[in-house]
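Structural characterization, general
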Amino acid sequence: MMHLSKEEKVIINTGSSNSRKEIINYLNELEDQRIKGILITSVNARNCGNLSYILNQYDVDQLYLPKHNTELCKVPKDFQKSNLLLK
C-alpha cells in the first residue's frame with residue numbers, strides 16, 4: 001500500500017489469495033477505507049489473488065492493469081468499465 005496523502009491510498013498488487021486475511025485486516029484498520037487506485041504490475045496469481053474481493057468490498061476509484069486473460073485477474077462485472085484502464 002502506498003499513501004499518496006493522508007486521504008489517498010493506492011494498492012500496488014493485491015497479493016495472493018493465501019494472504020487475504022492479512023490484507024483485509026490491514027485495510028479494515030484504516031480510518032478511511034476509500035482506495036484511490038489499485039495497480040497490478042504483472043498479471044499472475046501472486047499479484048491479483050485478492051483483486052476481485054477488494055473491488056467487491058471496498059470503494060475503489062481506479063484500477064490499472066495490463067491487458068490479460070480475465071480468468072487470471074477477475075474484475076467484477078459491476079465495477080464500472082470507465083474505471084478500468086488497460087494498457
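Notes on the structure in this doc start here. Computed from a prediction, not measured in an experiment: that's the story for all the values here.

Moving on, we come to the environment of aspartate 32. Relative to the helices and strands, aspartate 32 is located in the loop between α1 (20-29) and β3 (35-39). In the structure, aspartate 32 is positioned 25 residues away from glutamate 7 in sequence and 7.0 Å away in space, judged by C-alpha atoms. The residues touching aspartate 32, leaving out its near neighbours within four places in the chain, are Glu7 and Lys9.

Tallying each qualifying case throughout the model produces one disulfide. Between the sulfur atoms of cysteine 48 and its disulfide mate cysteine 73 the distance is 1.8 Å. Measuring handedness by torsion sign, the sulfur bridge of cysteine 48 and cysteine 73 sits at about -95° and is left-handed. Note that cysteine 48 is positioned in helix α2 (residues 45-48) and cysteine 73 in the loop between β4 (60-65) and β5 (84-86), a separation of 25 residues in sequence.

On the surface, a nonpolar cluster with roughly 240 Å² of combined accessible area is contributed by Ile12, Leu39 and Tyr64. Here leucine 39 is to be found in strand β3. Residue classification places leucine 39 among the partly exposed residues on the basis of a relative accessible area of 33%.

Most peptide bonds adopt trans geometry, and most residues besides glycine take a negative phi value. A positive phi angle, near 65°, is found at asparagine 13, a position not held by glycine. If you trace the backbone, asparagine 13 turns up in the loop between β2 (9-12) and α1. With a relative accessible area of 17%, asparagine 13 lands in the buried category.

Attention now goes to the pairing of β3. Of the pairings in the sheet, the one linking β2 to β3 comprises three bridges and is parallel in character. Bridge pairing links valine 10 to glycine 37 in β3. Taken together, β2, α1 and β3 form a β-α-β motif whose crossover is right-handed. In the sheet, β3 pairs with β4 via four bridges, with the strands oriented parallel. Bridge assignment links isoleucine 38 to a residue of β4, and that residue is leucine 63.

What counts as what
- Along each chain, numbering runs from 1 in the same order as the chain's sequence is written.
- In keeping with the predicted nature of the model, local features appear solely for residues at pLDDT of at least 70, side-chain atom pairs appear and are counted solely at 80 or more, and the whole-chain, interface and lining totals rest on all residues.
- The side-chain figures draw on all heavy atoms in the structure; neither hydrogens nor water molecules are used.
- Going along the chain from the N terminus, every DSSP run of H or I of four or more residues is numbered as a helix, and every run of E of two or more is numbered as a strand.
- The contact criterion used throughout is that any non-hydrogen atoms of two residues lie within 4.5 Å.
- Count a disulfide wherever a pair of cysteine sulfur atoms falls within 2.5 Å.
- Patch definition: residues above 30% relative accessible area lacking any salt bridge, with like charges linked at up to 9 Å and the nonpolar side chains Val, Leu, Ile, Met, Phe, Trp and Tyr linked at up to 5 Å.
- Calculation of accessible area relied on Shrake-Rupley with a 1.4 Å probe; when residues are assessed, cover is drawn exclusively from the protein chains displayed.
- Salt bridges are defined by distance alone: a side-chain nitrogen of Lys or Arg within 4 Å of a carboxyl oxygen of Asp or Glu.
- Each residue's exposure class comes from its accessible area (1.4 Å probe, protein chains only) as a fraction of the maximum for that residue type: buried when under 20%, exposed when over 50%, partly exposed otherwise.
- Pairing between strands is defined by DSSP: at least two bridges between the two strands are required.
- When the strands point away from the viewer and the path from the first strand over the helix to the second turns clockwise, the crossover is right-handed.

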